[in-house]
Amino acid sequence: MSIELLVSKQNPDGGWPYLRGRSWTEPTAYAVLALLSAGQNEAVRKGLDWIRSAQRPDGGWPPQLSVDESSWVTSVVSLLPPDCLGEAAHARAIQWILSTSGKESSVLYQVRWWLLGTPRNPDSEFAGWPWLPGSAAWVGPTSLAILALQKERRRKDTPTIQERIGQGQSFLLRRMCAEGGWNHGSARALGYESRPYPETTGMGLAALRGASSPKLGKALEVAKGFLTECRSADAINWLQLGLMAHHQLPEGYCPPAQVAYRTVPETSLLMLVNAIGNGRDLIWG
Amino acid sequence: MAVTAGAVLAGSSGCGEDIRFQPSRVSIVRVPNYDQTLYDTVRRTVAEHAPDVRGRNILLKPNMVEFEPHSCINTNPLVVHAALEAFRSLGAATVRIAEGPGHRRNTLDLADAAGYFNMIPGFEDLFTDLNLDEVSRIRPTRQFSRLEKVYLPQTALSADLLVSVAKMKTHHWTGATLSMKNLFGTVPSGVYGWPKNMLHWAGIDECVADLHSLYPRHFAIVDGIVGMEGNGPIEGVPKPAGVLVAGSDPVAVDATCCRIMGIDPYKIAYLRLASGEVHAHLAEENITQIGQNIADVALTFELPPYRAGLRLGKA
């Protein structure tokens, strides 16, 4: 999908759908980021207007306008440069991210476990992020929240941001599958080891940029293996980002020709990955 | 509760009040393999139940979980294609396919890898990703879970008949995943995430019962040709059961599947919740079997860890 095609997918209200139909926050945020990286202006302006108007009073964003709760998509929006989104709107978004964590790591929940005499689950030792507040933390939303906070830390470093990034990265390392890499966030269930997925392995590695752990080597090997066999656009995008974060993307790598970039986030992330290769980084930069 | 033969059975609610209900009809068809004979088998099986589909919009909801073409984790695409052709031949105005996988975001890539593109001509045009569909906010009509509201996809809500084309699998949390648990795939991950963890916090069994009440126009087909036993619904192992089970009453269909699997349906919490106070449609004597008898096809599925108590006949 070219820039023109991405622009043609924009809805009259300024937002983007995943494939077609109503505007959703996630594809709109990714499309705006991608078009910013390409220097496009008019579609970006309309997209930013849609995003600003969708922000909820608590500072977060709903997945789409008919949903009355803020969610994980707030982290994707927070990757937008504050001078584009608006400093105040961006600051409130970061506050929403900082105030959100998986329900299993909340003090109330830990006290409940203690009162019930249940042994503490080691998986809940570190606070990650949920898809929706009121549920547990998982790899996908935790990775996106870390990316948003890492970007914010480059502008305004605070102990709170450092603490949450550290907690989130520890959460990811704890949830890594035994063979390396990540699935949705359940490395083992009822004593059975679970297998990693390509897309979440890429996300986890992208969020662990700059982290050091002996476990990272296994995850990087798994990611390289996935990259050679995987045919899913979303997964290939995230695997490239994950390997780039650790300077491990094979030189001259090019996605297989038969990969179908169907959704707006898939196309947008491809543009963002290519932009990083061309020195225009809107994910970490 | 006394049960008498006849078109309408009577029971007592326990408060001296008579409850009258229709017996449910459930087909059990022996199908040893995934082959071309399935098309005729599925068409005849659906027709036996004479669902009112002429001129209606039908939505097939398979169970698509993983990028695996040859494992027993997904509803076999041949069964889905056979169902598509069956409902078309019975005069449906439209037959579409839709699913919202719970763990993997890239649904079309999953469908491609799982063999749906190869098996079903024009699959991409027939398919809706329920995770990313338009949503409406709904309040459960009979609320069992802690969810006071749930966002559901328009494609599922607007179908004249939702056909759950499920897989016969054990499930480490609920005991068994069949046509009713398959409705979790209609809850949009675009709102709830991958996995749809909010449903776990609100009570898995209770949410299954809520979803059952939210889709009253519902038909069930369960692919037990090769099911899954052990640590299902993902990490289990294939169990060739050689059956297809179908009917208009998902509670009766799932209860029948449980008996075939050697699981006591009264011990499956969502079946107890969805079957009302007297659990009328769980009782084997209240279900009219068409085709094979349960005893002729029954097997013993290995149960998931810590679920040995679900075994049929175990006190």
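Residues numbered from 1 in each chain as written. Chains lettered and ligands numbered in written order. Predicted model: local features only at pLDDT ≥ 70, side-chain atom pairs only at ≥ 80, totals over all residues.

Student: Mind showing me how you'd approach the overall build of chain B here?
Tutor: Along the backbone of chain B there are 12 helices and 14 strands. The C-alpha radius of gyration computed for chain B amounts to 18 Å, which stays within 12% of the reference 20 Å derived for 315 residues, consistent with globular compactness. Expressed along its principal axes, the backbone C-alpha trace of chain B runs to roughly 55 × 45 × 45 Å. Within chain B, the proportion of its 315 residues that are buried is 58%. Restricting the contact set of chain B to residue pairs at least 6 apart, pairs at least 24 apart contribute 74%. (Helix = DSSP H or I, 4+ residues; strand = E, 2+ residues; numbered from the N terminus. Rg over C-alpha atoms; globule rule 2.2 N^0.38 Å. Buried ≥ 20, exposed ≤ 12 C-beta atoms within 10 Å, placed from the backbone. Contact = placed C-beta atoms within 7 Å.)

Student: Looking at this structure, I do not really get the packing of helix α2 (residues 25–37) of chain A against helix α13 (residues 264–277) of chain A. What am I missing?
Tutor: A pair of packed helices is captured by two measures, namely the crossing angle of their axes and the spacing between those axes. Residue and element names in this part refer to chain A. Look at α2 against α13: their axes get within 8 Å of each other, and the N-to-C directions meet at 30°. Classified by the angle between their axes, α2 and α13 sit roughly parallel to one another. Note that α2 runs across α13; the crossing there is left-handed. The residues of α13 that touch α2, namely those facing E26, P27, Y30, A31, L33, A34 and S37, are V264, P265, S268, L269, M271, L272 and A275. A per-class count over the contact of α2 with α13 returns 11 nonpolar, two polar and one charged. (Axes fitted to C-alpha atoms, helices over the stretch in contact; angles between N-to-C directions. Parallel < 35°, antiparallel > 145°, perpendicular 65-115°, else oblique. Left-handed = near helix turned anticlockwise from the far one by under 90°. Nonpolar A, V, L, I, M, F, W, Y, C, P; charged D, E, K, R; others polar.)

Student: Whenever I open this one, the interface of chain A and chain B confuses me. Can you help?
Tutor: It is common to give the size of an interface as the accessible area that goes away when the parts come together. Contacts between the two partners involve 30 residues from chain A, matched on the other side by 25 residues from chain B. When contributions to the side of chain A that touches chain B are tallied by element, the ones reaching two or more residues are α8 (139–155) and α12 (233–245) of chain A. Of the residues in the side of chain A that touches chain B, the class split is 16 nonpolar, eight polar and six charged.

Student: Can you help me understand helix α11 (residues 216–229) of chain A in this one?
Tutor: In an α-helix, one turn spans 3.6 residues; hence positions three or four apart end up facing the same way. Residue and element names in this part refer to chain A. Compared with an ideal rise of 1.5 Å per residue, which puts 14 residues at 20 Å, α11 spans 20 Å between its outermost C-alpha atoms and is within 8% of the ideal. Along α11, the residues classified as buried are A219, L220, V222, A223, F226 and L227. Across the axial projection of α11, the buried residues extend over an arc of 160°, all falling on one side. Residues of α11 that are exposed and angled more than 90 degrees away from the buried face: G217, T228 and E229. Buried residues along α11 sit against α10 (198–207) and α12. (Expected span 1.5 Å × (residues − 1). Arc of directions from axis to C-beta.)

Student: How should I be thinking about the packing of α8(A) against helix α9 (residues 159–174) of chain A in this particular structure?
Tutor: Residue and element names in this part refer to chain A. Where α8 meets α9, the axes come as close as 10 Å, and the angle between the chain directions of the two elements is 150°. Taken together, the axes of α8 and α9 are roughly antiparallel relative to one another. In the packing of α8 onto α9, the handedness of the crossing is left-handed. In this structure, α8 contributes V139, T142, S143, A145, I146, L149, Q150, E152 and R153 to the contact, and α9 contributes I161, R164, I165, G168, Q169, F171 and L172. In terms of residue class, the contact of α8 with α9 is built from eight nonpolar, five polar and three charged.

Coordinates in, geometry out; function isn't part of it.
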